[in-house]
Every structure is written in structure tokens, then in C-alpha cells.
Amino acid sequence: MKRTPTPSLRMRVVATVVVLFAALLVIIGSSVDVVLGQQLRRDLEARLSDRATRAVELVESGVGPGDLVQALQGDAIRVRVTAADGTVYGAPGSGPPGPDIRPATPAPPAGQSRTPSPPGPPDPPVPPSDSFEITEPLPDGSTLSLLGDTTAIADVRRQLRILMLVAGAVTLLLAAAALTFAVRRALSPLDSMTSVARRITNGDRGRRLLPTKPNTDLGRTASAVDEMLDALEDAERREAAAARTARLAEEDMRRFLADAAHELRTPVAGISALAQSLQRDAEHRPDRVARWSELLVGESSRASRLVGDMLDSVRAESTSDLDATDIDLVDITRRTVERAALLMPDIRFDVDATQPVPVRVDVGRIEQ
């Protein structure tokens, strides 16, 4: 027989909801991370554009390249101004803000080789690969380069991810605890059904679940259990009725056998007594042989009639019809007394009948 799988319904519901909730948190966190990163990058681009516009205004107002670098540098933005004569002020990625003036090296005269120039300051650190850079020409002929460093954006996103992971873990734990409580409350009718089923198993067969809402899932289950219990109770009642009928039939059979033995005892005893009388006294009292033979035939007929009545009673569950005839009740009585005298020779029987008593009866039944 195939076993029915019965996993924990509470655990399955809680685990399923927690997994779905975790997936939802991952989707929301990823969306927030992407949207925030894009928004921060747009803000950085906007700041670079504002610095470029401000640089044009400062140059038009007469601000020099060095002061321009000082005015625009900072807030994750690095500035470099290349003057018209090739002088470089500032350098993106060079650390603290300040001018990094690199005079242009003039070209050597014709026919002369270029002499090595003295080593300059070390190259600034390489900015991140996803940094933004804007290059704008200025009104005085110089060139402005603005580099937006995205390191701060990466740090903000990293901190946000850590925060979302911690908050998500705490949220999942709280959600699991709340779901466990809610599912236990929601499945409390199932516990009640289990309790009632156990009471029924322990002998309280009349108890039923009686769902208040039979159209719900638990209501349909409870109704099915009630129907099953009704069917079992009907089967038990039918079985008890059949057992009672069988017991009564057995009692009737025993009573019938007892009655049959009682009814047959008298004619059988009479036949035995007459046979013994014939065997013992036939030679000494030949005058009684004819009477004894007549009584012997009568007792045999009576026994045969009793057997036939019992067979009819068994087959038709009723006695056979009466065979009424006109006869003198005194003759029936005398024959019965004579038969009784043979069975009980120590007892004296007297019949006091001065005149016939005509009756219409079943002679065999009356003798019985």
C-alpha cells in the first residue's frame, strides 16, 4: 500500500512565504542599488556641467588659471587647466587640491637634438575606470578638464548594500516569527479537528466536526470526515443488528431443538414401551397384542406427524394447517390415558365420562 506523504503544513507555508519574501527583498534591493547608482552618477554629471559653466564665467571675469583650479577643485571633482602656452595647472587624481604648474618645454632649434628635461613630479594616481571627464575650451584659449571621481559613489552603494543585507536578514527573521504565529492561528481549526477525531477514536462515536463553513478547504475536509464517520456508524449499526438477528436465530434454533426433543420424547417413549410389552407379554397375553399393535401404530403416526410439523415449521417458519375432524373427545382421552399408563405403570389413571363428547378438532394436536 502506497503511503501518503504528510509533510509539516506549517513549515511548508512558512518556508514558502519566507523564500518568496526573500526573493522580493532581493529584487527590491537590486532595483534600489541600480536606481541609486544611476541617480548619483547623474548628480555627478550635473555637478561637472555646473563647474564647467562656472569656469567660463570666472574666466570671463578675469580669474587666472591657478585661481580657477582653486575655485573649482573639490567635492570629488578634480580640475586641470591647460593654458594657451601649454602650462598645466592642477592635475586630476593628484591628491590635495592645488596648482600643478608644468611649463611647456620649447622645441629645440633646427639641427639640434632635444636635451633631456629634468624629471617632473610623479604621475598622479590613475582615476577609476568609470569616472566622468569633461573637457571644455575656455574664452582665454585655455582648456578645462574636469574629472568626476566615482569612488564616493561606490562607497555609498557598498554601504547601502551592507545596510540592505542586514535589514533584509532582520526582516526575514521577524517575518518568519510572525508567519509562524499567524499560520498556527490559521491552522487552529485543524488542531480542533484532530482533537475531535481522537475523541471519536477513543469511543465518543456520536461526536462530529460540524464545520461552520463547509465550502472552505477545511470545511470540505471536515464534511468528508463527518460523512465517513456517519457511514462507519451505519455499518456498525447494521453489523450489530445482524449479530443480534443471528443471536436470536441461534436462540430460536436452540429453543426449537429443545421443543422438538420434548415433543418427540413422549411418542418415542410410548413406542419403546409398547415394543417392550409386545416383546415381553405377547405370548402370555395374546388378547392385548392387537391393542398394543394399534397403540404402537398410533404412536408411530404421532411421531411422524410431529417430525412433519417440525419440518414444515423450519421450511415455512410457521406450523402446518390444522386437520380438523369430528371425533369423540372421550375416545381421545381414553387413548391418551392408556398410553400414559403404559409409560407410567406406577400411576393410576381414571376417566370419568358418562356420555360421548363430540368435537371437531385436529386429533394429533389434541393428543399432543
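Residues numbered from 1 in each chain as written. Predicted model: local features only at pLDDT ≥ 70, side-chain atom pairs only at ≥ 80, totals over all residues. Heavy atoms only, no water.

## Describing the sheet that holds strand 3 (residues 132-137)
Here four strands make up an open sheet; going across it, the order is 2-1-4-3 and the pairing antiparallel. The sheet is open, and its two edges are formed by strand 2 (88-89) and strand 3, each paired on a single side. In the sheet, strand 3 pairs with strand 4 (residues 143-148) via six bridges, with the strands oriented antiparallel. Within strand 4, the residue paired with P137 across the bridge is T143. Contacting strand 1 (77-82), strand 3 and strand 4, helix 1 (residues 9-60) crosses the sheet at an angle of about 160° to strand 4. (Pairing = 2+ DSSP bridges. Helix = DSSP H or I, 4+ residues; strand = E, 2+ residues; numbered from the N terminus. Contact = heavy atoms within 4.5 Å. Axes fitted to C-alpha atoms, helices over the stretch in contact; angles between N-to-C directions.)

## A word on the packing of helix 1 against helix 2 (residues 65-72)
At a minimum axis distance of 11 Å, the contact between helix 1 and helix 2 shows a crossing angle of 145°. By crossing handedness, the relation of helix 1 to helix 2 is classed as right-handed. Contacts between helix 1 and helix 2 involve R51, R54, A55, L58 and V59 from the first element and L68, A71 and L72 from the second. For the contact of helix 1 with helix 2, the class distribution of residues is six nonpolar, no polar and two charged. (Left-handed = near helix turned anticlockwise from the far one by under 90°. Nonpolar A, V, L, I, M, F, W, Y, C, P; charged D, E, K, R; others polar.)

## With respect to the pattern of salt bridges
Under the criterion given, the structure shown has nine salt bridges. The closest approach of N and O atoms between D33 and R161, which form a salt bridge, is 3.0 Å. Here D33, found in helix 1, pairs with R161, found in helix 3 (residues 151-186); they are 128 residues apart in sequence, far enough to count as distant. With its nearest N and O atoms 2.2 Å apart, the salt bridge here joins D252 to R255. Residue D252 and its partner R255 are located together in helix 5 (residues 217-281), separated by three residues, close to a single helical turn. Of the residues examined, R255 reaches a relative accessible area of 45% and is grouped as partly exposed. Taken together, the shared-partner salt bridges in this structure form one network comprising D33, R157 and R161. (Salt bridge = Lys/Arg side-chain N within 4 Å of Asp/Glu carboxyl O. Buried < 20%, exposed > 50% of the residue type's maximum accessible area, 1.4 Å probe, protein only.)

## Considerations on the nonpolar core
In terms of nonpolar packing, the biggest core is built from 19 residues, with L68, L72, V79, V81, L138, L144 and L146 touching the most fellow members. Of all the elements in the fold, those that place two or more residues in this core are helix 1, helix 2, strand 1 and strand 4. Tallying contributions element by element places helix 1 first for this core, with six residues. Each residue touching V81, except ones within four places of it in the same chain, is listed here: P65, L68, V69, T87, V88, Y89, L138, S142, T143 and L144. (Core = buried A, V, L, I, M, F, W, Y, C linked by side-chain atoms within 4.5 Å.)

## Observations regarding the confidence of the model for the chain
Chain-level statistics for the chain give a pLDDT mean of 78 and a share of 85% at 70 or above. At the level of individual helices and strands, the chain shows its lowest average pLDDT in helix 6 (residues 289-316), which scores 75, and its highest in strand 6 (residues 358-362), which scores 90. Confidence over residues 92-125 falls short of pLDDT 50; this stretch has 44 contacts with residues more than four positions distant or in other chains. (pLDDT = per-residue confidence, 0-100.)

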